[in-house]
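Residue-level listing of the chains:
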Amino acid sequence: MKSKSFDTKKFLSQNGIWGVLIVMVILLTIVRPVFISRMNLQTLLESESIKGILAFGIMWAILSKGIDLGPGSVVALVSAVVASLVQQTGVTGRLLGENGLHLSAPLAMLVGLLIGAVVGLITGVIIAYTQIPPFIATLGTQLICRALAKMYTDRPVSNLEDSFRWIAKGKIGPVPMIVVVFIIMYILTAFLLTQTRFGKNVYAIGGNSQAARFAGINVEKNLVMVYIICSVCAALGGILLAARTGSADPSSNGLMYETDAIAAATVGGTSHSGGICRVSGVLCGILILGVINNGLVLLGVDDNMTNVVRGAIIVGAVILDMRKNVKKA
Amino acid sequence: MSQEFILEMKDIVKEFPGVKALKGVELKVRPGTVHTLMGENGAGKSTLMKCLIGIYKQTSGQIVFDGKEVNFQSTLQAMNAGISMIHQELSPVPERSVCENVWMGREPRKGICVDHKKMRTECFKLFEKLGLDLDPDEKMGNLTVAKMQMVEIAKAVSYDSKIVIMDEPTSALTEGEVEHLFRIIEELKSRDVAIIYISHKMAEIFQISDDITVYRDGEYITTKPAEELTTDEVVSLMVGREVTEMFPKVECEIGETILKVENLSSGTAFQNVSFELHRGEILGFSGLVGAGRTEIVETIFGVRRKTGGTIYKDGKELNIKSAEDAISNGIALLTEDRRENGIVGLLSIKENVGLANLKRYGFPLNHKKMNQDGNKYKEMLSIKAPSLETPVMNLSGGNQQKVLVGRWLLTNPDILIVDEPTRGIDVGAKAEIHSIITKLAGEGKAIIMISSEMPEVMGMSDRVLIMHEGRQTGILNRDEATSELIMQYATMEPQDQNDK
């Protein structure tokens, strides 16, 4: 009997956030019935999928008691490079020359993911082996990747092959591909986190890195892996963004995306003190931010006000998180 | 003389949850004297001092300082009243100047601005008064430990302290620096300042002390003038208890050598440690805090850099560079500081037990097997918790320790190293941990046990290796190890050793 009531409490504290989401959805539906229309919900999911995938990556960094500020810029770099590789040939103004280098869609995506992996590898090695704060190391990544993207092309890259755009625009049944990819990433993240040694290692490192080291866990290697995953997620986001919009603008693509991703992971209960996170929570965080963005647009609230609300929500979520964990300790 | 004692602490009791650290102790200090506190680790000296300067609040008891009853709420209050403590680990701000460190938190002001000129001149005056050769503008971090200590003493004097507490002040000083410190102490005495001195070094205690008070297990034993005591008498007063606790020591077959350590060194932490460990043997490591015992086992376990010497297991030289290597070579280390490098508090019992052995669960992780392992050790070690999913931070110290014991047993080690395995856990759990260790030895595992508790070391060990300040001073067999002898080895200065 006693243990059952304990479980209810735990269930509520872990899943209460879904209640918040449901209440928001109900309220919005009452005020703006169009919210619940299939059209609107599809737009909402499509527009949140990319930031959502970034959030799944950033979640790892936060879980390990770090942070990654680079993903937004990685999105810009990867989207520009990949887009340039799958531009239709024969059109004028092609970045790599009218009949220059052209790759098949899968190969171009692979190049994009590889760029993400290399960025993550470098960032991860710097963080793990020099022990400089992740905030600083990834601030560097952020600036450098954005600059590289702009150096690569000073104008938007457009006219992309339809075969490439399929990854975002295509549909499996009624579901847009971009949402399918998002769901696959969710499953993959959940699997890594709960079903593999790597997942357990990162939980332990975030919870108590010294204890993890004494338990024979290679802390450095695992940290490098964390930042590789985070960057690869961002690279995937970049590919999807280029495919979805059909062009890649190095100066605006992915701008501030990391902020939204950090917000989603945080609202979803990933603790910035390390060692606590649930993928389902992060999913809920992504949806909550999506509903807020979408809802404020439906309500006709202006853009700046939207950002004020988002800022307040991030800070509020962290305050709640701190209080929850203080009570436990 | 207005009063006989500058400080009287009477019937001080301090209880921590589950532990009575001080059981009604007293301390009476005469002005202008050096009063030394003696006792083993855990005897209550530091706790008593912390009650005095307001870090802890005593559960009951009276403190009379300079004729008035006091109860300081903070060290700042104590310092303003005239009691300063120079801590074992100094805490200066290394990036600021000597002068700024002395005046930190109470900088003299002119209007709203800090009066830098006054700070410097006052600092000069202060150093001159004490005969210190220090540059007020030097960066604190550039000073040697000895000089930092001088700055701390100067700071204490600048507060017009009537009592200066020194906790192991000479532990990091060279001989010449110790002489200098003693001259300063004499200078302080001549100003009628009382010094409360905590140290384990017999020779210097008898050189400097006027009075000696001995504590044991949180109890007051006696106070006597130093000239009425000898080293032997002090040692027997310190350890004088009967070994009453029961230890389930079972004589078991000592097998062949499994671990051989030759001239092992790690930087300045310890040098030239050599010993052999046999199957079925419990080798105790004794010595005072800071003697280098933990550092030795960390080096064997691969988490501290080895700077010299060799380690052999089963006759083969080992090259261990990380905990991972050590574990795969059948070595396990139950660390001293559970919270710092043992448990991951947020994770469950099950996950903490499996942490050093995740390879075992394959890919994807076999959660069923993890549950089985968790249950096995939860039952075997009688870990008291609502479920396997309970976060370890919600458990008591003893149960946390058992979770960690389970973690290491799961790796099935040949050599189990335990560092202060029963520190801070209650009596019941303590006995259980002792019997587990003995049982493991009976199964042919080799055990190294570091312990600062004399009865534990003597009750459990087949042999005892004793360290003093990074040097191995002896290995005693079970039948020749008396607490007096161990204490003597643990406090001996290197020159004493040469005399023998």
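No experiment lies behind these values; they were computed from the predicted model shown.

Student: It is not clear to me how the overall build of chain B should be interpreted in this structure. Could you clarify?
Tutor: Along chain B, the regular secondary structure elements total 18 helices and 22 strands. Compactness check: chain B gives a C-alpha radius of gyration of 25 Å against a globular reference of 23 Å for 500 residues, within 12% of the reference. Each principal axis of the C-alpha distribution contributes one length, and for chain B these read about 70 × 55 × 45 Å. Taking all 500 residues of chain B together, the buried fraction comes to 45%.

Student: What is the right way to look at the overall build of chain A in this model?
Tutor: Check the secondary structure of chain A and you find 13 helices and 2 strands. Against the 2.2 N^0.38 benchmark of 20 Å for 329 residues, chain A shows a C-alpha radius of gyration of 20 Å, consistent with a compact globule. Taken along the three principal axes of its C-alpha coordinates, chain A extends 70 × 55 × 35 Å. The proportion of buried residues among the 329 residues of chain A is 47%. Sequence-distant contacts in chain A: of pairs separated by 6 or more residues, those separated by 24 or more amount to 77%.

Student: Would you explain the nonpolar core in this entry?
Tutor: The nonpolar side chains of a soluble globular protein tend to be buried with one another. Grouped together as the largest cluster of nonpolar side chains are 235 residues, with contacts concentrated most on Ile417 and Ile447 of chain B. Take this core: its biggest share by element is 18 residues, from helix α10 (residues 219–245) of chain A. Both domains that furnish three or more residues to this core are identified here as domain 1 (7–239) and domain 2 (257–499) of chain B. The residues contacting isoleucine 417 of chain B, other than those within four sequence positions of it, are Val297, Ile300, Phe301, Ile331, Ala332, Leu333, Leu334 and Ile448 of chain B.

Student: Help me understand the pairing of strand β13 (residues 257–266) of chain B, please; the structure alone is not making it clear to me.
Tutor: Looking along a regular strand, one sees the side chains alternate between the two faces of the sheet. All names here are of chain B. Sheet analysis places β13 next to strand β14 (residues 270–278), joined by 6 bridges and oriented antiparallel. If you follow lysine 260 over to β14, its bridge partner there is glutamate 276. Once β13 ends, the chain turns through 3 residues before running back antiparallel as β14, passing glycine 267 with a positive phi of about 50°. Sheet topology note: the β13/strand β16 (residues 308–313) ladder contains 5 bridges and is antiparallel. Considered in β16, the bridge of lysine 260 is made with tyrosine 312.

Student: Honestly, the domain arrangement of chain B in this entry has me stumped. Any pointers?
Tutor: A common way to express how large an interface is: the accessible area buried when the components associate. All names here are of chain B. Domain annotation of chain B identifies domain 1 (7–239) and domain 2 (257–499). Taking the mean C-alpha position of each, domain 1 and domain 2 sit 34 Å from one another. Across the contact, 13 residues belong to domain 1 and 12 residues belong to domain 2. Elements supplying a minimum of two residues to the side of domain 1 that touches domain 2: α7 (202–208) and α8 (231–239). With 4 residues, α8 is the largest single contributor of residues to the side of domain 1 that touches domain 2. The residue makeup of the side of domain 1 that touches domain 2, split by class, is 5 nonpolar, 6 polar and 2 charged.

Student: Please clarify how helix α17 (residues 483–491) of chain B should be interpreted in this entry.
Tutor: Residues spaced three or four apart along an α-helix point in a common direction, a consequence of the helix completing one turn every 3.6 residues. All of the buried residues along α17 of chain B are Ser483, Ile486, Met487, Tyr489, Ala490 and Thr491 of chain B. Buried-residue contacts for α17 of chain B involve α7, α8, β15 (282–287), α16 (454–460), β21 (463–468) and β22 (471–477) of chain B.

Student: For this particular structure, what's the right way to read the sheet that holds strand β12 (residues 219–225) of chain B?
Tutor: Pairing between the strands of a sheet comes from backbone hydrogen bonds, and it takes one of two forms, parallel or antiparallel. All names here are of chain B. Within the open sheet, the 6 strands sit side by side as β6-β9-β10-β3-β11-β12. Their pairing is mixed. The strands lining the two open edges of the sheet, one partner per strand, are β6 (83–86) and β12. Mean inter-strand twist for the sheet, computed between neighbouring axes without regard to direction, equals 20°. Against the sheet, helix α5 (residues 145–158) contacts β6 and β9 (163–167), and its axis sits at roughly 175° relative to β6.

Student: I would appreciate a short explanation of the interface of chain B and chain A in the present structure.
Tutor: Taken residue by residue, the interface counts 26 residues in chain B and 22 residues in chain A. Among the secondary structure elements, those contributing two or more residues to the side of chain B that touches chain A are α10 (323–328) and α11 (338–341) of chain B. It is α10 of chain B that provides the largest number of residues to the side of chain B that touches chain A, a total of 3 residues. For the side of chain B that touches chain A, the residue count by class is 16 nonpolar, 5 polar and 5 charged.

Student: It is not clear to me how the packing of α8 of chain B against α17 of chain B should be interpreted in this structure. Could you clarify?
Tutor: Residue and element names in this part refer to chain B. With their axes 10 Å apart at the nearest point, α8 and α17 run at an angle of 115° to one another. Crossing handedness for the pair α8 and α17: right-handed. Where α8 abuts α17, its residues Val235, Ser236, Met238 and Val239 lie against Ser483, Glu484, Met487 and Gln488. The class makeup of the residues in the contact of α8 with α17 is 4 nonpolar, 3 polar and 1 charged.

Rules used throughout
Here the residue index of a chain counts from 1 through its sequence in written order. Throughout, the order in which chains and ligands are written sets their labels, letters from A for the former and numbers from 1 for the latter. Per-residue local features are limited, in this predicted model, to residues with pLDDT of at least 70; the limit for side-chain atom pairs, both in listing and counting, is 80 or more; totals at the level of whole chains, interfaces and linings are taken over all residues. Helix and strand definitions here come from DSSP, where helices need a minimum of 4 consecutive H or I residues and strands a minimum of 2 consecutive E residues; each element is numbered from the N-terminal end. The size measure is the radius of gyration over C-alpha atoms, and the globule rule it meets is 2.2 Å times the number of residues to the 0.38 power. Between the buried cut of 20 or more and the exposed cut of 12 or fewer other C-beta atoms within 10 Å of a residue's own C-beta lies the partly exposed class, and all C-beta atoms are placed from the backbone. Here contacts are defined at the residue level, using C-beta atoms placed from the backbone and a cut-off of 7 Å between them. Take the buried Ala, Val, Leu, Ile, Met, Phe, Trp, Tyr and Cys residues, join any whose C-beta atoms are within 7 Å, and the set you get is a nonpolar core. What marks off one domain from the next here is an automatic or database domain assignment. In short, DSSP must find at least two bridges between two strands for them to pair. Classification used: nonpolar for Ala, Val, Leu, Ile, Met, Phe, Trp, Tyr, Cys and Pro, charged for Asp, Glu, Lys and Arg, polar for all others including Gly. Here an axis means a line fitted to C-alpha atoms, over the contact stretch when the element is a helix, while the angle between two N-to-C directions is reported on a 0 to 180 degree scale. Two helices cross in a left-handed way if the nearer one is turned anticlockwise from the farther one by less than a right angle. They cross in a right-handed way if the turn is clockwise.

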